[in-house]
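What follows is the residue order along each chain.
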Amino acid sequence: MPDSHPQQQPPTHGGAAPEAAPALVLGGVRLADGRTVDVRVRGGCIEAVGTAGSLIPGTRLDLDGYLLLPAPAEPHAHCDTALTADAAGPVSHAPEDVQRRTIEAALQHLGHGATALRTHVPIGGVHGLRSMEAVLRAREALSGLTELSSVAVPRVLTGTAGADGLAMLRDAVRMGAVVIGGCPDLDPDPTGHVEAVLDIAARHGCAVDLHTDGDDPARLARLAAMAGGLRPGVTIGPCGGLARLPREVVARVAERLAAAGVTVVCLPQGDCVGLEDRRARAAHPPGCAPVRLLRSAGVKVAAGSGALRDAANPVGRGDPLEAAFLLASRGEAEPEEAYEAVCERARAALGLPEVRVEAGFPAELLAVRGDGLPGVLSLAYSRVVVHQGRVVARTSAVREYCASAAAAALDLPRQTRPARTDPGGRPQQPPD
């Protein structure tokens, strides 16, 4: 079974890569356009892209047989409850447990290739802001390995019961939450809930990310009307309820969402813990938003993983390539469009800069063993993850066909560890 080993790096200030970091050359790697090149990264940026074997000096990592892609991002996670599916009894919300789960979940996402992660954190109730405090501490601990941002998610914001939620939301922003969230489906006044979220976000200059099943077209139309023009932007998800509506209804709603610039984050793996009406979920099995229909109307669609082995999905993997695989395998997107949903669109939803494998762009990269994108989405085993110009995680898988004459005769492919070289380009003996 593949084993991911994040490599610890010294913390940096403000998330910036140290200027004095040595150059790293990713050698002999294939690009999506079919070229085989060397890519040199330094100081958190791609410094040069040249023909294979041309970029010297620098520490060289031989990636022959790998496809190099811009690194994906995870736009919709629930790290505070991740990895609790097998817990005996109620899930602990003690700050030290939330911090540990958040770090472990973020590293699992990182090992799969996501160098940035947005996690939704419930606030209010008996736990107050303790989970948010724990997630913010985890963010500091992960500095230099991955970029973790948090969404403050209150439950009720309207009426008498909503006063505490509003106060808690303002406190969460002052603490360091960079995105305002909410669950309008769970509020007695969904429209008032959205209005409150948008008002606080506008006052503090925060992005908005709302949980909604999306099964009420009138409610979505009102949301689009209110959200239009808000900067830095509005994201909603997972919107699985859209799949249960007539296509002509979804098409009309999609046009309004597109006009308002609202991004939809779908969850191809299924539902998440943010939508807690379990009776409604039992009556309507989780589905994925109709991505192809939304895209055809001009809606910006990103894809996330959602649940990571919690009560909502005990087998969730937190793997952006699996999310892209599911979109492509279900016919909701071509492989290139599916990867765009977990990479370019996901990064844009998080407010991150664009990444291309070209000089001058951020060195946020994912190398996956495979010949092309369809093959990578099908069998994405061995991976090398680069964040801020440094290798921060490596997953190696070895495939062998043992004692098989047929395998030897057919010269069947194997997956092996990439060769290591020293700064002079000489092969190094791999560690045991």
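Reading the values: the criteria
- Residues numbered from 1 in each chain as written.
- Predicted model: local features only at pLDDT ≥ 70, side-chain atom pairs only at ≥ 80, totals over all residues.
- Heavy atoms only, no water.
- Helix = DSSP H or I, 4+ residues; strand = E, 2+ residues; numbered from the N terminus.
- Buried < 20%, exposed > 50% of the residue type's maximum accessible area, 1.4 Å probe, protein only.
- Contact = heavy atoms within 4.5 Å.
- Areas by Shrake-Rupley, 256 points an atom, 1.4 Å probe, with all protein chains shown as cover.
- Salt bridge = Lys/Arg side-chain N within 4 Å of Asp/Glu carboxyl O.
- Axes fitted to C-alpha atoms, helices over the stretch in contact; angles between N-to-C directions.
- Parallel < 35°, antiparallel > 145°, perpendicular 65-115°, else oblique.
- Left-handed = near helix turned anticlockwise from the far one by under 90°.
- Nonpolar A, V, L, I, M, F, W, Y, C, P; charged D, E, K, R; others polar.
- Pairing = 2+ DSSP bridges.
- Core = buried A, V, L, I, M, F, W, Y, C linked by side-chain atoms within 4.5 Å.
- pLDDT = per-residue confidence, 0-100.
- Expected span 1.5 Å × (residues − 1).
- Lys, Arg positive; Asp, Glu negative; His and termini not counted.
- Polar contact = N/O pair within 3.5 Å; in protein donor to acceptor, adjacent residues only side chain to side chain.

Colleague: Go over the overall build of the chain with me, naming the residues and quoting the values.
Modeller: The number of helices and strands found in the chain is 13 helices and 19 strands. Taking all 432 residues of the chain together, the buried fraction comes to 53%. By sequence separation, contacts in the chain at least 24 residues apart represent 73% of the contacts at least 6 residues apart. Of the roughly 18800 Å² of accessible surface on the chain, a fraction of 52% belongs to carbon and sulfur atoms.

Colleague: I'd love a proper account of the pattern of salt bridges, names of residues and values included.
Modeller: Counting across every chain of the model gives 20 salt bridges. Among the salt bridges present, the one from Glu104 reaches Arg100, with a minimum N-O distance of 3.8 Å. Residue Glu104 and its partner Arg100 are both found in helix 1 (residues 95-112); the two are separated by four residues, about one turn of the helix. The class for Glu104 is partly exposed, based on a relative accessible area of 40%. Asp171 is the salt-bridge partner of Arg174, the closest N and O atoms lying 2.4 Å from each other.

Colleague: Talk me through the packing of helix 4 (residues 190-204) against helix 5 (residues 217-227); I want residue IDs and the actual numbers.
Modeller: It is the contact of helix 4 with helix 5, at a shortest axis distance of 10 Å, that shows an interaxial angle of 20°. Taken as axis vectors, helix 4 and helix 5 run roughly parallel relative to one another. Once helix 4 is placed against helix 5, the crossing between them reads as right-handed. The residues of helix 5 that touch helix 4, namely those facing Pro190, Thr191, Val194, Glu195 and Leu198, are Arg219, Arg222, Leu223, Met226 and Ala227. Classifying every residue of the contact of helix 4 with helix 5 gives six nonpolar, one polar and three charged.

Colleague: So what's going on with the sheet that holds strand 14 (residues 300-303)? Which residues, and what values?
Modeller: Strands belonging to one sheet form pairs held by backbone hydrogen bonds; the direction of such a pair is parallel or antiparallel. On the basis of which strands lie adjacent, the open sheet formed by eight strands has the order 7-8-9-10-11-12-13-14 and parallel pairing. One side of each edge strand has no neighbouring strand; the edge strands of this open sheet are strand 7 (74-77) and strand 14. Going across the sheet, the axis of each strand differs from the next one's by a mean of 25°, ignoring polarity. Relative to strand 12 (residues 234-238), strand 11 (residues 207-212) is paired through five bridges, and the arrangement is parallel. Within strand 12, the position partnered with Leu210 by the bridge is Ile236. Here helix 5 sits on the sheet and contacts strand 11 and strand 12; the angle it forms with strand 12, its principal contact strand, is near 160°.

Colleague: So, the nonpolar core: which residues are in play, and what are the values?
Modeller: Judged by nonpolar contacts, the single largest core of 85 residues is most densely connected at Val234, Ile236, Leu294 and Leu327. Apart from the residues within four sequence positions on either side, Ile236 is in contact with Leu210, Thr212, Leu220, Leu223, Leu257, Val262, Thr263, Val264 and Val265.

Colleague: I'd like a rundown of unusual backbone geometry, residues and numbers included.
Modeller: Each neighbour pair has its own omega, and for Arg231 with Pro232 the value is 15°, a cis peptide bond. Tracing the sequence through the fold places Pro232 in the loop between helix 5 and strand 12. A cis amide bond, omega 0°, links Gly237 with the succeeding residue Pro238. On the secondary structure map, Pro238 appears in strand 12. Phi is positive for Leu83, close to 60°, though the residue is something other than glycine. Its location among the elements puts Leu83 in the loop between strand 7 and helix 1.

Colleague: Got a sec to walk through the confidence of the model for the chain? Specific residues and values, please.
Modeller: Caution applies to low-pLDDT parts of the model: their predicted coordinates are not meant to be read in detail. On average, residues of the chain score 88 in pLDDT, and 85% of them are at 70 or above. Every residue in residues 1-18 scores below 50 in pLDDT, and together they form 39 contacts with partners more than four places removed in sequence or on other chains.

Colleague: With reference to specific residues and values, describe the environment of Ala260.
Modeller: With respect to the element layout, Ala260 can be found in helix 6 (residues 247-260). If we ignore the near neighbours within four places in the chain, the residues touching Ala260 are Ala224, Ala227, Gly228 and Gly229.

Colleague: I'd like a rundown of helix 2 (residues 130-141), residues and numbers included.
Modeller: With twelve residues, helix 2 extends 17 Å between its outermost C-alpha atoms, agreeing within 8% with the 16 Å of an ideal straight helix rising 1.5 Å per residue. Inspection of helix 2 places Ser131, Met132, Ala134, Val135, Leu136 and Ala138 among the buried residues, and these make up the whole buried set. Buried-residue contacts for helix 2 involve helix 1, strand 8 (116-122), strand 9 (147-153) and helix 3 (162-175).

Colleague: Can you break down the side chain of Ser150 residue by residue, with the values?
Modeller: Residue placement: Ser150 occurs in strand 9. For Ser150, the contacting residues outside a window of four places in its chain are Thr119, Val121, Met132, Val135, Leu136, Gly176, Ala177, Val178 and Val179.

Colleague: So, the packing of helix 9 (residues 320-329) against helix 10 (residues 335-342): which residues are in play, and what are the values?
Modeller: Closest axis-to-axis distance for the helix 9/helix 10 pair is 8 Å, and the angle between their directions is 140°. With respect to each other, helix 9 and helix 10 are oriented oblique. Of the two elements, helix 9 crosses helix 10, and the hand of that crossing is right-handed. Taken together, the residues of helix 10 that come into contact with helix 9 (itself represented by Pro320, Leu321, Ala323, Ala324, Leu327 and Ala328) are Pro335, Ala338, Tyr339, Ala341 and Val342. Among the residues making up the contact of helix 9 with helix 10, the classes are represented as eleven nonpolar, no polar and no charged.

Colleague: Would you mind going over the side chain of Asp187 in detail, with residue names and values included?
Modeller: You can see Asp187 is positioned in the loop between strand 10 (179-182) and helix 4. One buried charged side chain, Asp187, makes no salt bridge at all; its nearest oppositely charged neighbour is Arg155, positioned 8.7 Å away. Side-chain polar atoms of Asp187 contact the backbone nitrogen of Leu157, separated by 2.7 Å. The contact partners of Asp187, leaving out residues within four places of it in the chain, are Arg155, Val156, Leu157, Thr158 and His193.

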